Amino acid sequence: MSEPEEGSEFGYIVDLLEKGKVTIKNIERELICPACKELFTHPLILPCQHSICHKCVKEILYFTLEDSFNDAASETSNQSSPRNRMHSPSLDRIDRVNRSASQRRSLGCRGWKRNSLTPKTTTFPCPGCRHDIDLGERGINGLFRNFTLETIVERYRQAARAATAIMCDLCKPPPQESTKSCMDCSASYCNECFKIHHPWGTVKAQHEYVGPTTNFRPKILMCPEHEMERVNMYCEICRRPVCHLCKLGGSHANHRVTTMSSAYKTLKEKLSKDINYLISKESQVKSQITELGLLMKEAEHNGERAKEEASHSFDKLFDVLEERRATALRAIEASKNLRLEKLHSQIEEYQGLLENNGLVGYAQEVLKETDQSCFVQTAKQLHERIQKATESLKSFRPAAQASFEDFVLDIAKPQEALGDMSFLSSGVDMPEINEEQSKMYNKALICWDHPQKAGSADTYILEYRKLNREDANPAWQETEVFGKSEIISDLDTNSSYAFRVRGYKGSICSPWSREVILHTPPAPVFSFLFDDKCGYNSEHLVLNARRNAVESRAGFPLLLGAERIQAGCYTTLDYVVGDTGIVKGKHFWALRVEPYSYLVKVGVASDAKIQEWFQNSRDLTSPRLRLRGTVGERKILQHEEKGQKEEEGGRMEKRYEQDSGHDSGSEDIFVESLQPFTLVTLGMKKFFIPKVSPAPAASKDSMNRILPMPSCIGICLDYDKGKVGFYDADRMKCLYERQVDCSGKMYPAFALMGSAGIHLEETIAAKYLKYEDEDM
C-alpha cells in the first residue's frame, strides 16, 4: 500500500529495519512525542510536518480553551478541575503550552470561530517547532494519522520487550504464542489458528499479515474532508494526500496534484538518496563527533579556568575593599576617640565651676584668707582663671561635634562602576550613537552603529535618563534592543535626556558609548497637513500626494509678466495654511526649508486674517506682498553697488512689505505690539529676526538680526498665553519669541516666493497611508 508523503520519511527506515541495517535503540529519540516525551501513541501529522500524539493534541486544545475562560487564580483554586484530576506525564509540557496560549490571549482568541455560540479553539503552538498551528474548521479530524511512524514505534516496542510474547487471540486455554497478526482482522494468530481462519482459496487468504503486533492500523488511508473517499493523489502545493473530490470541487481544486504512486516514487527516491549520502559520510560524521567531543572537553577546561580567573579578580576587589574598609574604620575610631577626649576634658572643666567643686571650691577657700598680702598673691592668678571660666559660660561652645557627616563614604560612582562591570572583549566594538540620524520630536529615535563596521553585537542595551537640577545623579532606564535603532516614548516635554548604548554578544559586552544629550520639544507635537483647498494657488504651488511638502515654482504666468518689470510688475507671495486649527493649549511643530529657497515665511495666523488674505485673491496688490518697481529698482541698484550680502536680507524687509496704500516706499517693516498673525522670514540660507520697533536700527543691529538658517525650524504656539516662539528644532533652542493675538482659531501659516520648498517634519513611527512615491 502506498503511504502518504508525511509518513514516507520513515519508509526507508522501515526497510532498513527489516534488513537489519539499523539498530532499533539508536532511533529512539525520533520516536518520542515532543509534547508528552513518551513513545508516540496514534501520532497525527501537523501542517508543519511534525508529529504529535492524538491524546496530546486533545489535551493542548482543551487547556487552551480552558485558559480562554479561566484566569490563573481560578485554575489554582479549583481543585476539581480536570487538570488536577488528570494524571499524565505530559502535564508539565501542556502547562508550558498553555502558558504560551495565555500570553496570546491578550491579542484575541484567534482560534475561536466567528458567529459561533460555543467557542472552538483550533490554534495552538506546535510543541516541536513552536510555530502556531491552525487546524481549521475540522480541527483534529482534518489531520492524518502517521501510520508509518506507528509501525516503527511498534517495532521498537517489540524489540524493547522481546522477552514478552504476544499470545494468540483465538487459541483455547492455555493460548499459544502468536507467530503473525492479521491487519484486516486486527487479531494475532498462532500457526494453527491462522490456517484455520485463513484457509487457502478464500477471501481471507488475501488478508495482509505481519509479525506479531498489538498495533493494528486501517487498511486504507481515508480523506479527512471526505470520509468515504480514499486518498489517491498528492497535492504539490499543500504537500499532503488528497482524494479526487478535493481536486474536483474542494479546497485543492486549483492546486497542482500528482498521482500517489508518482509522489511515492519521487519522495522515496529523494529520501533514499539523502540517506545514502549520509551513510556514505559516516566517517566524516564520526570525525566531526570526535572533534566536537574534544571541543566539549576544551570548553569545560576553559570554563573552569575562566571561573578561577574571575574568582581571583573578585578576590582582588575584595582585598581592596577590605583594605579601604579597615582604613576608614581606623580613621573613624581615631576621630571618635579624639572627640571623646576633648568633650571629657570640657566636662571636667565645667564640673569645676560647680559650687564646692574644682575651681569654685578652691576660690571659696581662698576667700577665707585674712592675710592681705597672701590673698593678693594668690587671688590675682585665680581671678584670671575665674574670668576665663565666666567668658566660657557666656559663649558656650562644645569642644567637639557629635556628627560624623564628614565620614560618610561616597560610593555612588564605585557602585555604578561595579554595577556596570562585565566581561570585556575586543571582539565587540563600542557602538556610537549617530547624532545626525537620531532625533527628538513626538518621540525619541535613537540610532547607532559601529564605526569600525566589524564586531557588531547580537543585542544592545540602550539606557536613558532625564537630566534635572533637583537630582544630580538620576537613575538610568534601560531597554533591550535587537537592532541598531530604538524609539523611546513617554518622554517629558521641555526636558533634556542623556542616552548611551552598549553591545552584547553572549555574555561579552562592549564599553558604554559616549553619552548624547537630546532635548524634547517645549510642548506636545501638533500634527497637521497642508490644506489644498483654502486659498491654495495651484498655479504657483505644488503639493505632494501626502500633503506634507509644498514647493513654489516659477511657472509660465510669471514668465509672461516679466516683460512688464520695467513698468512695475507685482511679484506675488503665495500663501498656504495647515488643515487643522488650534483653539487652546500649547503646541509645537517643525518643518524644513529647502536650502535653495529664495524667500519663505512661516508662523501662525488667525482664521480671520487668513480669510482677509484669501478673499481678494484676484487682486494683484492684496492679499499678496508686492515689489514696487521704482523704489525697488533703486534699492536693488544700491545693494549691487555696495555689494554687502550680509545686509541684503535686512533690506529685503523694506522691498517686500505689506501694501499700505502708499507708494513712497519709505516705510519700514517692524513688529507691532499685538497682531493676529506672526511670520518670520527665511531665505538664501538665512533666518531673519523681525525688528521690534520702528526706530532706525544701526548696521550692527541689522547684522545681529540675521542668523544662519537651521536645518529644522520649530514653531511653538502657546494659545492660552498668546505667545509664539521660533526654534532651532535640532537643538531645541529658542531663536525668537513674541506675543500674538489669539482671539480666534489659529492656523499654521506659510508663504513662498520664487523657487522655494517646505517639508513638514514627520512624526516618529507615524502610520501614514500608503501613497505613491510622488515626493518632490
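Residues numbered from 1 in each chain as written. Predicted model: local features only at pLDDT ≥ 70, side-chain atom pairs only at ≥ 80, totals over all residues. Heavy atoms only, no water.

1. Some remarks on the environment of S513
Then, in step 1: Inspection of the secondary structure assignment puts S513 in the loop between β20 (508-509) and β21 (516-519).
Then, in step 2: Spatially, the C-alpha atoms of S513 and M430 are 6.1 Å apart, while their sequence positions differ by 83 residues.
Then, in step 3: If near-sequence neighbours (up to four positions away) are discounted, S513 is found in contact with M430, P431, E432, I433, R500 and V501. (Helix = DSSP H or I, 4+ residues; strand = E, 2+ residues; numbered from the N terminus. Contact = heavy atoms within 4.5 Å.)

2. Here's the deal with the pattern of salt bridges
Side chains that differ in charge, positive against negative, can pair when their charged atoms come close.
Then, in step 1: Counted according to the given criterion, the structure contains 17 salt bridges.
Then, in step 2: In this structure, D579 engages R547 in a salt bridge whose closest nitrogen and oxygen atoms are separated by 3.5 Å. Taken as a pair, D579 in the loop between β24 (574-577) and β25 (586-593) and R547 in the loop between β22 (541-543) and β23 (549-552) lie far apart in primary sequence, 32 residues in all.
Then, in step 3: The exposure class assigned to R547 is partly exposed, which follows from its relative accessible area of 24%.
Then, in step 4: Sharing partners across several salt bridges, the network here consists of K439, R592 and E761. (Salt bridge = Lys/Arg side-chain N within 4 Å of Asp/Glu carboxyl O. Buried < 20%, exposed > 50% of the residue type's maximum accessible area, 1.4 Å probe, protein only.)

3. Quick word on the sheet that holds strand β26 (residues 599-606)
Then, in step 1: With antiparallel pairing, the 6 strands of this open sheet are ordered in space as β24-β35-β26-β29-β30-β31. On the outer flanks of this sheet lie β24 and β31 (706-708), each paired with one strand and no other. The mean angle between the axes of side-by-side strands here comes to 25°, regardless of whether they run parallel or antiparallel.
Then, in step 2: Pairing between β26 and strand β29 (residues 677-683): 6 bridges, direction antiparallel. (Pairing = 2+ DSSP bridges. Axes fitted to C-alpha atoms, helices over the stretch in contact; angles between N-to-C directions.)

4. Section: unusual backbone geometry
Then, in step 1: At the junction of P173 and P174, the peptide bond is cis and its omega measures out at -5° in the coordinates.
Then, in step 2: Considering the arrangement of structural elements, one finds P174 in the loop between α7 (147-160) and β6 (180-182).
Then, in step 3: Backbone geometry places D490, a non-glycine residue, at a positive phi of 60°.
Then, in step 4: Examined against the element boundaries, D490 turns out to sit in the loop between β18 (485-488) and β19 (496-505).

5. Quick notes on the nonpolar core
Then, in step 1: One finds F588, W589, L591, V602, L717, F750 and I758 to be the most contacted residues of the largest nonpolar core, which totals 45 residues.
Then, in step 2: Filtering out sequence-adjacent residues up to four positions away, L591 remains in contact with V602, S711, C712, I713, I715, F750, I758, H759, L760 and E761.
Then, in step 3: Listed in part, the 24 residues of the second largest apolar core include A35, L61, I133 and I140. (Core = buried A, V, L, I, M, F, W, Y, C linked by side-chain atoms within 4.5 Å.)

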